[in-house]
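So the chains spell out like this:
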Amino acid sequence: MKTALLVIDQQKGIDHPKLGKRNNPHAEGIMLNMLALWRESGWPIFHIKHSSKDPESVFWPQQDGFEFKNDFQPKAGESLIEKSVPCAFTNNTLERDLRKYHITDLVIVGVATNNSVESTARTGGNLGFNVTVLEDACYTFEKNDFYGNPRTAREVHAMSLANLHGDYAVVKSASKFVLSHDKTK
């Protein structure tokens, strides 16, 4: 299998109330379904963990929010990549590891759509990987736009996906990915 699953920032801190309202309330279940598919098939999995340098961050290493959520604990044989910036390719071995295993395609799930997911997908596409972002297996939070206008998590999510689709990645639902994958067997 030349396709790796990247599970981004499924850490306890992402559930902190200070992050605000989010979209896609069923995203974790879909992520877990994809994780189960990859595990059952023996395909490569990379767990991406954010290690913030900011003590105020929900991902500060010296508190509980840094730890993976219980259902997203890496298993033996699965890769763990730490990052300290949104992009999972920066200051670590992710690209080298993917190339070592001759991985050409990436499927990205996780959080936040407009932050680590988008940054990682952009870089992956720019590095020549075929990137797929599963829109229903990602989520984000409400945020004010540049001009101070409040945007819902759904609006932030949709704009981020629009930024990616066609230029850096293919964006599709998990069910459409599974259906298209079944046709290639």
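Further up the page is the structure itself.
Residues numbered from 1 in each chain as written. Predicted model: local features only at pLDDT ≥ 70, side-chain atom pairs only at ≥ 80, totals over all residues. Heavy atoms only, no water.

**Concerning the sheet that holds strand 5 (residues 130–139)**
- With respect to topology, six strands assemble into an open sheet ordered 3-2-1-4-5-8, the strand pairing being parallel. Strands with a single pairing partner mark the edges of an open sheet, and in this sheet they are strand 3 (79–83) and strand 8 (170–172). Each strand of the sheet is rotated relative to its neighbour by a mean of 25°, with strand direction disregarded.
- Direction of pairing for strand 1 (residues 3–8) relative to strand 4 (residues 105–111): parallel, over a ladder of six bridges. (Pairing = 2+ DSSP bridges. Helix = DSSP H or I, 4+ residues; strand = E, 2+ residues; numbered from the N terminus. Axes fitted to C-alpha atoms, helices over the stretch in contact; angles between N-to-C directions.)

**A look at the nonpolar core**
- The biggest cluster of nonpolar side chains holds 24 residues, and the ones touching the most others in it are Phe46, Leu94, Leu98, Leu106, Ile108, Val131 and Val133.
- When residues no more than four places from it in sequence are discounted, the contact partners of Leu106 are Thr3, Ala4, Leu6, Phe89, Leu98, Phe129, Asn130, Val131 and Thr132.
- Judged by nonpolar contacts, the second largest core, of 23 residues, contains Leu35, Trp38, Val111 and Ala112. (Core = buried A, V, L, I, M, F, W, Y, C linked by side-chain atoms within 4.5 Å. Buried < 20%, exposed > 50% of the residue type's maximum accessible area, 1.4 Å probe, protein only. Contact = heavy atoms within 4.5 Å.)

**With respect to unusual backbone geometry**
- Here the amide bond leading from Val111 into Ala112 is cis, since omega sits at -25°, within 30 degrees of zero.
- Take Ala112: it is sitting in the loop between strand 4 and helix 3 (113–126).
- Its identity is not glycine, yet Asn24 carries a phi of approximately 45°, on the positive side.
- Following the sequence through the fold, Asn24 ends up in the loop between strand 1 and helix 1 (27–41).
- Positive phi outside glycine occurs at His102, with the angle close to 60°.
- Relative to the helices and strands, His102 resides in the loop between helix 2 (94–100) and strand 4.

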